[in-house]
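What follows is the residue order along each chain.
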Amino acid sequence: MMRDLIFCLQEATLQLIRKDYLSPTEPSQCFINPPCGCAHPGKELKCEDCPYLEACLSSFKT
């Protein structure tokens, strides 16, 4: 719960600071320069705990 709240606050801050921030329009765009520093998403274990990737990819669920 607290982790989700912190993530939401981080995302809101990011959007306020960077007004040019646009949400990805395709799932493949989530893997381009993620803010958590994953060079190879899906291939490195540290990428599994990246809240940005999780949020970005879950926004495309149908």
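Up top is the structure.
Here's a quick rundown of the structure. (Residues numbered from 1 in each chain as written. Predicted model: local features only at pLDDT ≥ 70, side-chain atom pairs only at ≥ 80, totals over all residues. Heavy atoms only, no water.)

What about the layout of surface pockets?
Here is step 1: Space inside the second largest pocket adds up to approximately 170 Å³.
Here is step 2: In terms of lining, the second largest pocket is formed by Arg-3, Asp-4, Phe-7, Glu-48, Asp-49, Cys-50, Pro-51, Glu-54 and Ala-55.
Here is step 3: Within the residue set of the lining of the second largest pocket, elements represented by two or more residues are helix 1 (2-17) and helix 2 (51-58).
Here is step 4: Split into classes, the residues belonging to the lining of the second largest pocket amount to four nonpolar, no polar and five charged. (1 Å grid on protein atoms, 1.4 Å probe; cavity = no way out; pocket = protein on both sides within 12 Å on 5 of 7 lines; lining within 4 Å. Points joined across faces, edges and corners; volume = space filled by probe spheres on them. Helix = DSSP H or I, 4+ residues; strand = E, 2+ residues; numbered from the N terminus. Nonpolar A, V, L, I, M, F, W, Y, C, P; charged D, E, K, R; others polar.)

Brief notes about the nonpolar core
Here is step 1: Residues Cys-30, Cys-38, Cys-47, Cys-50, Tyr-52, Leu-53 and Cys-56 constitute the largest nonpolar core, which totals seven residues.
Here is step 2: For Cys-47, the contacting residues outside a window of four places in its chain are Cys-38, His-40, Pro-41, Gly-42 and Leu-53. (Core = buried A, V, L, I, M, F, W, Y, C linked by side-chain atoms within 4.5 Å. Buried < 20%, exposed > 50% of the residue type's maximum accessible area, 1.4 Å probe, protein only. Contact = heavy atoms within 4.5 Å.)

Some details on unusual backbone geometry
Here is step 1: With phi around 50°, Asn-33 is a residue other than glycine that occupies positive phi space.
Here is step 2: Its relative accessible area of 69% is what places Asn-33 among the exposed residues.

Comments concerning helix 2
Note that an α-helix has 3.6 residues per turn; residues three or four places apart therefore point the same way.
Here is step 1: For helix 2, the full list of buried residues reads Tyr-52, Leu-53 and Cys-56. When helix 2 is viewed along its axis, its buried side chains cluster within an angular range of 95° and face the same direction. (Arc of directions from axis to C-beta.)

What about a nonpolar patch on the surface?
Here is step 1: Nonpolar side chains collect at one region of the surface, where Met-2, Leu-5, Ile-6 and Leu-9 lie side by side and expose about 410 Å² of accessible area between them.
Here is step 2: What makes Ile-6 partly exposed here is its relative accessible area of 43%. (Patch = residues over 30% accessible without salt bridge, like charges linked within 9 Å, V, L, I, M, F, W, Y side chains within 5 Å. Areas by Shrake-Rupley, 256 points an atom, 1.4 Å probe, with all protein chains shown as cover. Salt bridge = Lys/Arg side-chain N within 4 Å of Asp/Glu carboxyl O.)

As for the state of the cysteines
Here is step 1: Scanning the entire structure with this criterion turns up three disulfides.
Here is step 2: Put simply, Cys-30 and Cys-56 are joined by a disulfide, and their sulfur atoms are 1.9 Å apart. With the S-S bond torsion at -75°, the cross-link from Cys-30 to Cys-56 turns out left-handed. In this pair, Cys-30 is assigned in the loop between helix 1 and helix 2 and Cys-56 in helix 2, connecting sequence segments 26 residues apart.
Here is step 3: We classify Cys-56 as buried; its relative accessible area is 7%.
Here is step 4: What pairs with Cys-38 in a disulfide is Cys-47, and their sulfur atoms sit 2.4 Å apart. Between Cys-38 and Cys-47, the S-S torsion sits near -140°, and that sign places the bridge as left-handed. Like Cys-47, Cys-38 is buried.
Here is step 5: Once the disulfide-bonded cysteines of the chain are ranked by sequence position, their pairing pattern turns out to be 1-6, 2-5, 3-4. (Disulfide = S-S within 2.5 Å.)

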